[in-house]
Amino acid sequence: MKVLNFKNDALGKLLLRTALGFTVLLHGVAKVGDDATLAHIGDRLTLWHLPDWLCYAVFIGELVAPVLILLGAYVRMAALLIAIDLVAAIALFQLSHVFELGSGGGWRLEREAMWLFGALALVCLGGGRYGLRPD
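Everything in this summary refers to the structure shown in the same document. What you see is a predicted model; the values in this text were computed from it and never measured.

When a protein is soluble and globular, its nonpolar side chains tend to lie buried together. Formed by 14 residues in total, the largest nonpolar core has its most connected members in L20, I69, I82, A119 and L122. Taken together, the elements giving at least two residues each to this core come down to helix 1 (9-29), helix 3 (58-71), helix 4 (75-94) and helix 5 (110-125). Broken down by element, this core gets its largest block of residues, 6 residues, from helix 4. For A119, the contacting residues outside a window of four places in its chain are L20, A79, I82 and A83. Counting 9 residues, the second-largest nonpolar core is a separate cluster that includes L25, I41, L45 and L63.

Structural data, given as structure tokens:
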């Protein structure tokens, strides 16, 4: 009997890129044209003594970087941008919830953690050979 061989690093990287890129991109698209959300981010930034115009950097981490990851171009750099975006988001909005469970019983920051560690995995692994600029 022949055993199925699922060892395919390039396909695994493509799946990771697709999952991370697609979900983060949709999260960013929801912010396009949402002035209230951008103002809220700007308000949090000013509490940390940072300029409120930095709120527009969210579009780099949640729109530009995921598109690059989906295309397979500059994947390590794009994944690092997503990781930085997530660390900033956790610091600005979720720091007090790090040790809490969500209403469904899972960790309150499970989405952010999955995105952050998925992005860090792509920083380490690269995007694989299926992309516009394979590494």
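A separate point is the packing of aromatic side chains. A complete count under the given rule lists 1 aromatic pair for this structure. A centroid spacing of 6.5 Å and a plane angle of 35 degrees characterise the contact between Y56 and F59, whose relative ring orientation is tilted.

With that out of the way, let us pick up the packing of helix 3 against helix 4. Viewed as axis vectors pointing N to C, helix 3 and helix 4 meet at an angle of 150 degrees, and their least axial separation amounts to 8 Å. Considered as vectors, helix 3 and helix 4 are oriented roughly antiparallel to each other. In the crossing of helix 3 with helix 4, the sense of the turn from one axis to the other is left-handed. Of the residues in helix 4, those in contact with V58, I60, G61, E62, A65, P66, L68 and I69 of helix 3 are V75, M77, A78, A79, L81, I82 and D85. Its residues assigned to classes, the contact of helix 3 with helix 4 shows 12 nonpolar, 1 polar and 2 charged.

Before going further, it helps to spend a moment on helix 2 (residues 35-47). An ideal rise of 1.5 Å per residue puts 18 Å on 13 residues; helix 2 measures up with 18 Å between its terminal C-alpha atoms. Along helix 2, the residues classified as buried are L38, I41, G42 and L45. The arc enclosing the buried residues of helix 2, seen along the axis, measures out at 100 degrees, which places them on a common side. Exposed positions of helix 2 whose direction lies more than 90 degrees from the buried face are A36 and L47. Check the buried side of helix 2 and you find it contacts helix 3 and helix 4. Immediately beyond the C-terminal end of helix 2, within one or two residues, lies H49, with a positive phi of roughly 60 degrees.

Tallied over the full model, the rule gives 3 salt bridges. Here E100 and R108 are joined by a salt bridge, their closest N and O atoms 2.8 Å apart. The class for R108 is partly exposed, based on a relative accessible area of 39%. Its salt-bridge partner being E112, residue R111 comes within 3.4 Å of it at the nearest N-O pair. The exposure class of R111 is partly exposed, given its relative accessible area of 42%.

About the thresholds
Residues numbered from 1 in each chain as written. Predicted model: local features only at pLDDT ≥ 70, side-chain atom pairs only at ≥ 80, totals over all residues. Heavy atoms only, no water. Core = buried A, V, L, I, M, F, W, Y, C linked by side-chain atoms within 4.5 Å. Buried < 20%, exposed > 50% of the residue type's maximum accessible area, 1.4 Å probe, protein only. Helix = DSSP H or I, 4+ residues; strand = E, 2+ residues; numbered from the N terminus. Contact = heavy atoms within 4.5 Å. Phe/Tyr/Trp six-rings, centres within 6.5 Å; stacked < 30°, edge-to-face > 60°. Axes fitted to C-alpha atoms, helices over the stretch in contact; angles between N-to-C directions. Parallel < 35°, antiparallel > 145°, perpendicular 65-115°, else oblique. Left-handed = near helix turned anticlockwise from the far one by under 90°. Nonpolar A, V, L, I, M, F, W, Y, C, P; charged D, E, K, R; others polar. Expected span 1.5 Å × (residues − 1). Arc of directions from axis to C-beta. Salt bridge = Lys/Arg side-chain N within 4 Å of Asp/Glu carboxyl O.

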